[in-house]
Amino acid sequence: MSQFFRRLIASIFLLGITLPLLAAEPVRIGVLAFRPKPQTLAQWQPLAGVLQRAMPERNFVVEALDYPELEAAITRGELDFVLTNPGHYVLLAHRNGLSAPLATLISKDSGQPLSDFGGVVFSLAQRADIRTLTDLRGKTLATIGTSSLGGYQMQAYELTRKSVRLPQDARILTTGMPHDQVVAAVLAGRADAGFVRSGVLENMASEGKLDLNRLKILNRQDKPDFPLQVSTRLYPEWPFASLPNTDKDLARRVAAALFVLEKDAAVTRAMAIHGFTVPADYSPVEELLRELRQPPFEAAPAFTLQDVSARYQWQIFAGVIAGGLIVLLAIRLVLVNRRLAAARTRDHLLVSALEAVGNGVVITDTSAKIEWANTAFEPLTGYKPEEALGLRASELVKSGQQDQPFYAAMWSTILRGEVWRGEVVNRRKDGSLYDEELTIAPVKDESGTILHFVGIKHDITERKKTEERILHLAQYDVLTDLPNRALLNDRLQQAIAAARRDGTGLALMLIDLDKFKPINDTLGHDVGDLLLKEVARRLRGCVRESDTVARIGGDEFVVLLRTVAHVPDAKAVAEKIRNTLNQPFELAGHRLSISSSTGIALYPEHGSSEVELSKNADIAMYHAKENGRDNVQAFQPEMLDGRDAA
Ligand SMILES: Nc1nc2c(ncn2[C@@H]2O[C@H](COP(=O)(O)OP(=O)(O)OP(=O)(O)O)[C@@H](O)[C@H]2O)c(=O)[nH]1
């Protein structure tokens, strides 16, 4: 028992010592000193007295602290209550877990009770170039400092809403406290506009320091319950808050004491306030600080994927759609590129093929202007492909050998969409002519419209020459180059037809050299050949250009005279020929003299067909031979009798 009592007595003793100690533990109230600390302390010291009277058992202490001191004291847990500006309160609430405000200050700025305040933007009244907030872009703006809520941040927030970002979109002139200096800077023209807290201008005016007519308020807001000029939205006045570890009952009793402060009491007058009211909503201040990226929101908020998707779902959706479209377009681009590459390869192949064909290939537009030509074009025409571009193919190589109807027929064929083939004589760049086999094919689109012409040009000059040579060989005697029997027959046929049509006559003379064989035999075949050639030359010299001299056998020649109607006329020519051939020949060092026997048959007198005329001229010639050679005989029907008899 004695031990129990000893302990009880000891406990009561200890309690007796501790209670006075508890009562002596001061309740510390930190007040932000944005002016000199003694001034701040002097202003708020009466608050300690008020609370002391309400709770005599506690000891209340007011401490004036600047920003870092206030924050350090809170961190160390040395304070129970804080009275600071709204921006700083939001910072402390985030960093130090300050509770929701217990009360909001009712200020006395304008002599009226106000629990809100705002920012004012003003310029000189005569500045015609400054009428709205956006006019402030690029201007010089005066402020007490960029950390001031009512003297900078509120205005900066409003300007941000108008897309004018501070400080980058203007020049900031920092004057320092008090706000009067901002007004002075604008009045002196050192700044184009100024930012001050609401009430400053009215206070200066009431103190006789400012004529309000010299200034104009930008973005003036009409707030029915707010008597001061203001350019921004309104924000709550300073909050009075408790710390997280502050005793709840103590906090309740302190709040109660604040609310009952009378506005005209000596103590509130001493503090230059109207009192305290129920706590305001400080979220607009928080929003402002977030928007301006001011502490504690200077760092970009960390977004989770969910935040991003919740906040930007439409933008993400649009982005995904746009991204999808871009991917589709990219795929399409790749495919188009592949097709183009394949087309380029195909084009290259086609061009190689067109180069390899050996023929000249020309592609023109529909007016025949050359758009492309292969390299074989140059050896054919003498023009390089690049020289020919843009020129009309037909005019480039026109020789004048084809007439207009020829070209008209060609154009009509190709414009009908059909392929034209033909042979043309063209002229090279050097002026020489060449034969060309030309194929022109129209190139059409799906609808059948002609877009181009492709011309394939084949040089047939050599072939033509060969053909002509073959034809010549078939029609002319190799030794004398006189028409042969076949060509003679053609011409005789034509001449008979013409004479029949015109009602005229013609003469067919068969001339056979006399005793030619001995010349061959004695002097050789070569001399015989030379003689035959010279005879041919003399015969041609005896007749007109329109007459025909032919060699139809060894030493047999035929002369076809057109438009000869009578035997004497024919005989006269034949005699002339006989005399000519009688003239000596100087051949290879030999002087030769020959004679000839000639038979004549006339159309229509001695025959109406070439067979009949030939036969009768032959009969007449044999008569000349029989008559001693070296004479001319015209056909007479009696000759047939004798022949028949023979
Ligand atoms: N050098 C040469 N001789 C030829 C050629 N063709 C034929 N002969 C010869 O010409 C001669 C023709 O003889 P003929 O007409 O029969 O006899 P000919 O000696 O003229 O006697 P006639 O006509 O009766 O006066 C033959 O000896 C043929 O070999 C030729 O192209 N060149």
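What you see is a predicted model; the values in this text were computed from it and never measured.

1. Points about the environment of glutamate 202
Thinking step 1. Position of glutamate 202 relative to the elements: it lies in helix α7 (residues 200-206).
Thinking step 2. Given a relative accessible area of 18%, glutamate 202 falls into the buried group.
Thinking step 3. Separated by ten residues in the primary sequence, glutamate 202 and leucine 212 have C-alpha atoms spaced 7.9 Å apart.
Thinking step 4. When sequence neighbours within four positions are dropped, the list of residues in contact with glutamate 202 reads Leu228 and Gln229.

2. Observations regarding the sheet that holds strand β2 (residues 59-65)
Strand pairing within a sheet occurs via backbone hydrogen bonds; the two strands may be parallel or antiparallel.
Thinking step 1. Reading across from one edge, β2-β1-β3-β12-β4-β13 is the order of the six strands in this open sheet, with mixed pairing throughout. Only two strands of the sheet have a single neighbouring strand rather than two, namely β2 and β13 (275-277). Across the sheet, the mean angle from the axis of one strand to that of its neighbour is 25 degrees, orientation sign disregarded.
Thinking step 2. One ladder, built from three bridges, connects strand β1 (residues 26-32) with strand β3 (residues 81-83); its direction is parallel. Note that in β3 the partner of isoleucine 29 across the bridge is phenylalanine 81.

3. Quick look at the packing of aromatic side chains
Thinking step 1. Scanning all chains against the criterion turns up eight aromatic pairs.
Thinking step 2. Ring geometry for tyrosine 152 versus phenylalanine 195: centroids 6.2 Å apart, planes at 50 degrees, classification tilted. Linking tyrosine 152 in helix α5 (residues 149-161) with phenylalanine 195 in strand β9 (residues 193-197), this pair joins segments that are 43 residues apart in sequence.
Thinking step 3. Look at phenylalanine 195 and you get buried, because its relative accessible area is 0%.

4. Description of the site of the ligand
Thinking step 1. Lining the immediate surroundings of the ligand are 17 residues, of which Lys517, Asn520, Asp529, Arg551 and Arg629 lie closest.
Thinking step 2. Here leucine 513 contributes a backbone N or O atom positioned 3.3 Å from an oxygen atom of the ligand.
Thinking step 3. Contact with the protein chains covers 68% of the free accessible surface of the ligand, which is 650 Å².
Thinking step 4. Those elements that provide at least two residues to the shell around the ligand are β19 (506-513), α19 (516-523) and α20 (525-542).

5. Quick notes on the sheet that holds strand β20 (residues 548-551)
Thinking step 1. Reading across the sheet, the five strands line up as β20-β21-β19-β24-β25 and stay open at both edges, with mixed pairing between neighbours. Of all strands in the sheet, those with a lone pairing partner are β20 and β25 (632-634), marking the two edges. Strand-to-strand twist of the sheet, defined as the mean angle between neighbouring strand axes without regard to direction, takes the value 20 degrees.
Thinking step 2. Bridge count between strand β24 (residues 596-603) and β25: three bridges; the pairing is parallel. Looking across to β25, one finds that isoleucine 600 is bridged to alanine 634.
Thinking step 3. This element, helix α18 (residues 485-502), spans β19, β20, β21 (556-562) and β24 of the sheet and lies at about 20 degrees to β21.
Thinking step 4. Against the sheet, helix α22 (residues 610-626) touches β19, β21, β24 and β25, its axis set at about 145 degrees to β24.

6. A short note on the packing of helix α3 (residues 67-75) against helix α4 (residues 86-96)
Thinking step 1. Where α3 meets α4, the closest approach of the two axes is 11 Å, and the angle between their N-to-C directions is 30 degrees. As far as their axial angle goes, α4 and α3 are roughly parallel. With respect to the hand of their crossing, α3 and α4 are arranged in right-handed fashion. In this structure, α3 contributes Tyr67, Leu70, Glu71, Ile74 and Thr75 to the contact, and α4 contributes His88, Leu91, Leu92 and Asn96.

7. Side note on the side chain of glutamine 153
Thinking step 1. On the secondary structure map, glutamine 153 appears in helix α5.
Thinking step 2. Engagement of the side chain of glutamine 153 in a polar contact is seen with the side chain of glutamine 294, the distance being 3.2 Å.
Thinking step 3. Apart from the residues within four sequence positions on either side, glutamine 153 is in contact with Thr146, Ser147, Ser148, Leu288, Leu289, Leu292 and Gln294.

8. A few points about the packing of α20 against helix α21 (residues 567-582)
Thinking step 1. Relative to each other, α20 and α21 sit at 145 degrees, their axes nearing to 10 Å. With respect to the hand of their crossing, α20 and α21 are arranged in right-handed fashion. Residues Val535, Arg538, Leu539 and Cys542 of α20 lie in contact with α21, whose contacting residues are Lys576, Ile577, Thr580 and Leu581.
Thinking step 2. Partitioned by chemical class, the residues of the contact of α20 with α21 number five nonpolar, one polar and two charged.

9. Brief notes about the side chain of glutamine 402
Thinking step 1. Among the structural elements, glutamine 402 can be located in the loop between α15 (393-396) and α16 (404-415).
Thinking step 2. For glutamine 402, the side chain forms a polar contact with the side chain of tyrosine 407, separated by 3.2 Å.
Thinking step 3. Contact partners of glutamine 402, with chain neighbours within four places excluded, come to Tyr407, Val424, Val425 and Asn426.

10. Topic: the nonpolar core
Thinking step 1. By size, the foremost hydrophobic cluster in this structure holds 67 residues, and its most contacted members are Trp44, Phe60, Phe81, Leu136, Phe240, Val254 and Phe276.
Thinking step 2. Setting aside its immediate chain neighbours within four residues, valine 254 contacts Leu51, Met55, Phe60, Phe81 and Phe240.
Thinking step 3. Core analysis: the next-biggest nonpolar cluster, separate from the first, contains 33 residues, Leu561, Val567, Ala570 and Ala634 among them.

11. Quick notes on the pattern of salt bridges
Thinking step 1. Applying the stated criterion across every chain, the model contains 36 salt bridges.
Thinking step 2. Residues glutamate 298 and arginine 95 are paired through a salt bridge, measuring 3.3 Å at the closest nitrogen-oxygen approach. Of this pair, glutamate 298 sits in the loop between α10 (283-291) and α11 (305-311) while arginine 95 sits in helix α4, placing them 203 residues apart in sequence.
Thinking step 3. On the basis of relative accessible area, arginine 95 is assigned to the partly exposed category, the value being 48%.

12. Overview of the pairing of strand β12 (residues 239-242)
Thinking step 1. Residues Pro239 and Ala241 point to one face of β12 and Phe240 and Ser242 to the other, with burial holding for every one of them.
Thinking step 2. Note that β3 and β12 share three bridges and pair antiparallel. Within β12, the residue paired with leucine 83 across the bridge is phenylalanine 240.
Thinking step 3. Across two bridges, the pairing between strand β4 (residues 103-106) and β12 is antiparallel. Residue pairing in the sheet places threonine 104 in a bridge with proline 239 of β12.

13. Focus on the confidence of the model for the chain
Should pLDDT be low for a region, the predicted coordinates there are not to be read in detail.
Thinking step 1. For the chain, per-residue confidence averages 89 on the pLDDT scale, and 94% of positions sit at 70 or higher.
Thinking step 2. Segment residues 8-22 is flagged for pLDDT under 50; beyond a separation of four residues in sequence, or across chains, it makes one contact in the model.
Thinking step 3. Here the prediction assigns the complex a pTM of 0.47, and the interface score ipTM is 0.92.

Calculation notes
- Residues numbered from 1 in each chain as written.
- Predicted model: local features only at pLDDT ≥ 70, side-chain atom pairs only at ≥ 80, totals over all residues.
- Heavy atoms only, no water.
- Helix = DSSP H or I, 4+ residues; strand = E, 2+ residues; numbered from the N terminus.
- Buried < 20%, exposed > 50% of the residue type's maximum accessible area, 1.4 Å probe, protein only.
- Contact = heavy atoms within 4.5 Å.
- Pairing = 2+ DSSP bridges.
- Axes fitted to C-alpha atoms, helices over the stretch in contact; angles between N-to-C directions.
- Phe/Tyr/Trp six-rings, centres within 6.5 Å; stacked < 30°, edge-to-face > 60°.
- Near = heavy atom within 4 Å.
- Polar contact = N/O pair within 3.5 Å; in protein donor to acceptor, adjacent residues only side chain to side chain.
- Areas by Shrake-Rupley, 256 points an atom, 1.4 Å probe, with all protein chains shown as cover.
- Parallel < 35°, antiparallel > 145°, perpendicular 65-115°, else oblique.
- Left-handed = near helix turned anticlockwise from the far one by under 90°.
- Nonpolar A, V, L, I, M, F, W, Y, C, P; charged D, E, K, R; others polar.
- Core = buried A, V, L, I, M, F, W, Y, C linked by side-chain atoms within 4.5 Å.
- Salt bridge = Lys/Arg side-chain N within 4 Å of Asp/Glu carboxyl O.
- pLDDT = per-residue confidence, 0-100.

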